[in-house]
Amino acid sequence: MSGGTRAGSAYVLEKAYRGQAEYSVLFVYSRRDHVRALLQDMLVDNDPEETGLHFDGESADLWLVEHGHRVGHVDLHPLVRRTEDREVVIDWAGFEAAVPAALSGPMLRHGEELALHDPAADFPSDGSDLPEIYPDHAIRYGMQVWVDGELSDQPYEVYRDPDPEPPAG
């Protein structure tokens, strides 16, 4: 495990729900294909009704972070739709057009925490929980959920990790 905090670069998929319960699920990875695999697992391979995570009533934002600063944003809602028989269809061509294939700067890795230089300025009124979470709670590479002021690894119980850490040794 690498460890440490870096003002690195990462794709940060944040799904936030504001209703009776309020939570944000964060997926922090270093490659576009990691995000693509997450969306496939979350919305197509798993039944969104069973996992409790779907796009209805939720924000679904992909933040592009380079060198610890937000450099881009993609609202994922326009890329996802349901058919008449409730199947989820993702516009993969639209996804690839909207999401850069690579980010510049040192990519975040397993065991590392994402350092954000100025989350209040980078995420001013976008509905992101990142300014509330950081710097008091470490935003780590991988999956985390923010509920009631606590950050945990709970999503690993629900979703396949698109970039599992190699076994030690």
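Residues numbered from 1 in each chain as written. Predicted model: local features only at pLDDT ≥ 70, side-chain atom pairs only at ≥ 80, totals over all residues. Heavy atoms only, no water.

The next point concerns the overall build of the protein chain. Of the regular secondary structure elements, the protein chain holds five helices and 10 strands. Counting over 169 residues, the protein chain shows a buried share of 45%. The long-range share in the protein chain, meaning contacts at least 24 apart out of those at least 6 apart in sequence, stands at 66%. (Helix = DSSP H or I, 4+ residues; strand = E, 2+ residues; numbered from the N terminus. Buried < 20%, exposed > 50% of the residue type's maximum accessible area, 1.4 Å probe, protein only. Contact = heavy atoms within 4.5 Å.)

Taking 1.5 Å of rise per residue, the 14 residues of helix H1 (residues 32-45) would be expected to cover 20 Å, and the 18 Å separating its terminal C-alpha atoms lies within 8% of that figure. For H1, the complete set of buried residues consists of Arg 32, His 34, Val 35, Leu 38, Leu 39, Asp 41, Met 42 and Leu 43. (Expected span 1.5 Å × (residues − 1).)

Here we have six strands laid out as an open sheet, ordered E5-E4-E2-E3-E9-E10, and antiparallel in their pairing. In this open sheet, the two edge strands, each paired with only one partner strand, are strand E5 (69-75) and strand E10 (150-152). Taken pair by pair, the neighbouring strands of this sheet meet at an average axis angle of 25°, ignoring direction. Against the sheet, H1 contacts strand E2 (10-18), strand E3 (22-29), strand E4 (58-66) and strand E9 (142-147), and its axis sits at roughly 30° relative to E2. (Pairing = 2+ DSSP bridges. Axes fitted to C-alpha atoms, helices over the stretch in contact; angles between N-to-C directions.)

Two descriptors summarise a pair of aromatic rings, namely the distance from one centre to the other and the angle between the planes of the rings. One pass over the structure, following the stated rule, counts three aromatic pairs. When the ring of Tyr 29 is compared with that of Tyr 141, the centres are 5.2 Å apart and the planes differ by 70°; the resulting orientation is edge-to-face. Of this pair, Tyr 29 sits in strand E3 while Tyr 141 sits in the loop between helix H5 (130-133) and E9, and the two are 112 residues apart along the sequence. Neither residue differs from the other here; Tyr 29 and Tyr 141 are each classed as buried. Each ring, one from Trp 92 and one from Phe 95, has its centre 5.6 Å from the other, and the planes form 85°; the classification is edge-to-face. Note that Trp 92 and Phe 95 are positioned in helix H3 (residues 92-98) at a spacing of three residues, about one turn of the helix. Here Trp 92 falls in the buried class, since its relative accessible area comes to 18%. The class for Phe 95 is buried, based on a relative accessible area of 1%. Positioned above the aromatic ring of Trp 92, the side-chain terminus of Arg 36 is 4.1 Å from the ring centre. (Phe/Tyr/Trp six-rings, centres within 6.5 Å; stacked < 30°, edge-to-face > 60°. Lys NZ or Arg CZ within 6 Å of the ring centre and 35° of its normal.)

Function-wise, these values are silent; they only describe arrangement.
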